[in-house]
Each structure stands twice: as C-alpha cells, then as structure tokens.
Amino acid sequence: QVQLVESGGGLVQPGGSLRLSCAASGSIFSIYAMGWYRQAPGKQRELVAAITSGGSTNYADSVKGRFTISRDNAKNTVYLQMNSLKPEDTAVYYCNAQTPGDYPLDYWGQGTQVTVSS
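Summarised in this report is the structure supplied together with it. On a predicted model such as this, the values are computed, not experimentally measured, just so you know. (Residues numbered from 1 in each chain as written. Predicted model: local features only at pLDDT ≥ 70, side-chain atom pairs only at ≥ 80, totals over all residues. Heavy atoms only, no water.)

**Topic: the overall build of the chain**
Definition in use: Put simply, DSSP H or I for four residues or longer makes a helix, DSSP E for two residues or longer makes a strand, and each gets a number counted from the N terminus. Put simply, the radius of gyration uses C-alpha atoms, and a globule should come to 2.2 Å times the residue count raised to 0.38. The rule is simple: take the accessible area with a 1.4 Å probe, protein chains only, and divide by the maximum for that residue type; under 20% is buried, over 50% is exposed, in between is partly exposed. In this description, contact between two residues means that some pair of their heavy atoms is separated by no more than 4.5 Å. Only four residue types enter the tally: Lys and Arg on the positive side, Asp and Glu on the negative side; His and the chain ends are excluded. Just so you know, the charge point we use is NZ for Lys, CZ for Arg, CG for Asp and CD for Glu.
On a plain count of helices and strands, the chain comes out with zero helices and eleven strands. The helix and strand sequence of the chain, counted from the amino end, reads β-β-β-β-β-β-β-β-β-β-β. Compactness check: the chain gives a C-alpha radius of gyration of 14 Å against a globular reference of 13 Å for 118 residues, within 12% of the reference. Expressed as a percentage of the 118 residues in the chain, the buried residues total 40%. For the chain, the proportion of contacts with a sequence separation of at least 24, taken over those separated by at least 6, is 53%. Of the side chains in the chain, 9 bear a positive and 8 a negative charge, and the two mean positions are spaced by 6 Å.

In structure tokens form, the structure reads like this:
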C-alpha cells in the first residue's frame, strides 16, 4: 500500500508560479513511476506530466515548456514546478504512483486545488 500526500496548491495570478509536492510512504518509492494529473470542473482527469523510475519524463502538450516534473528518491517526493500559469491550468491536481510489472497498481493522492485567477 502506498499513501500519497500532495501539497503546494493555492491561488495564483496568471503568469505566476507554484510548486506542487507529493510525499509518498514506503521504502520502495524509487521503483514507482510517478505522475501528476489534473481535473477541471466538468472535464475528465488528464495526465499533466510523468516521470519513470529511471527519470525519463513526458508532458501534456498544453504544459510543455512551462511545467517541470522531478523526483527526489531520498525524500520519497515528486514535484511539479509550474511556471507561466494560465487560467486554463485551474484544476484539482492529483499525484499518482504506479507499481512496475505486467499488472501495475495505481495509487492516488487526495488532490490539491490550483486556481489561476486575477
């Protein structure tokens, strides 16, 4: 079982920055693939950014060049640095951990609200 706790959300003006953190329980964090998803009102949850256990990353086209995902295995934490925020980035952001193997398990955090508004 993996527990994920997000933090760092809040209200920010357009063009501003926020850094989200996701702290994971357990001693084998380094083998998990980690991701950040978001869900805006009335929309489906979508992948924002992901990072493999080896450090490879991928991003949604809408955030490329503005968001950066990173991980610190010593701290069991994954981060999402969000720059040049836009109103359309407003959503609840969720941290995801996926176990390796042929039958991966997904774990989710409780979500953190990000609101971009003037």
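Back to the write-up after that little detour.
**Observations concerning the environment of Pro-100**
Within the element layout of this structure, Pro-100 appears in the loop between β9 (91–98) and β10 (106–108). Classification of Pro-100 by relative accessible area gives partly exposed; the value is 47%. Sequence separation of Pro-100 and Ala-33 is 67 residues, and the distance between their C-alpha atoms is 7.4 Å. The residues contacting Pro-100, other than those within four sequence positions of it, are Ile-31 and Tyr-32.

**Side note on the packing of aromatic side chains**
Worth spelling out the cut-off: Only the six-membered ring of Trp is used, alongside the rings of Phe and Tyr, when aromatic pairs are assigned; centres must lie within 6.5 Å, and planes under 30 degrees apart are stacked while those over 60 apart are edge-to-face, with the rest tilted.
Throughout the structure, instances matching the rule amount to one aromatic pair. The interplanar angle of 70 degrees and the centroid separation of 4.9 Å between the aromatic rings of Tyr-37 and Trp-108 together place this pair among those described as edge-to-face. Residue Tyr-37 is located in strand β4 (residues 33–39), and its partner Trp-108 is located in strand β10; the two are separated by 71 residues in the primary sequence. Taking the relative accessible area as the measure of exposure, Tyr-37 reaches 23% and is therefore partly exposed.

**Some points on the pattern of salt bridges**
Short version of the rule: Between Lys or Arg on one side and Asp or Glu on the other, a salt bridge is scored when a side-chain nitrogen of the former is within 4 Å of a carboxyl oxygen of the latter.
Tallied over the full model, the rule gives four salt bridges. The partner of Arg-38 in a salt bridge is Glu-46, and the shortest N-O contact between them spans 2.7 Å. Here Glu-46 falls in the partly exposed class, since its relative accessible area comes to 36%. Arg-38 is paired through a salt bridge with Asp-89; the nearest N and O atoms lie 3.0 Å apart.

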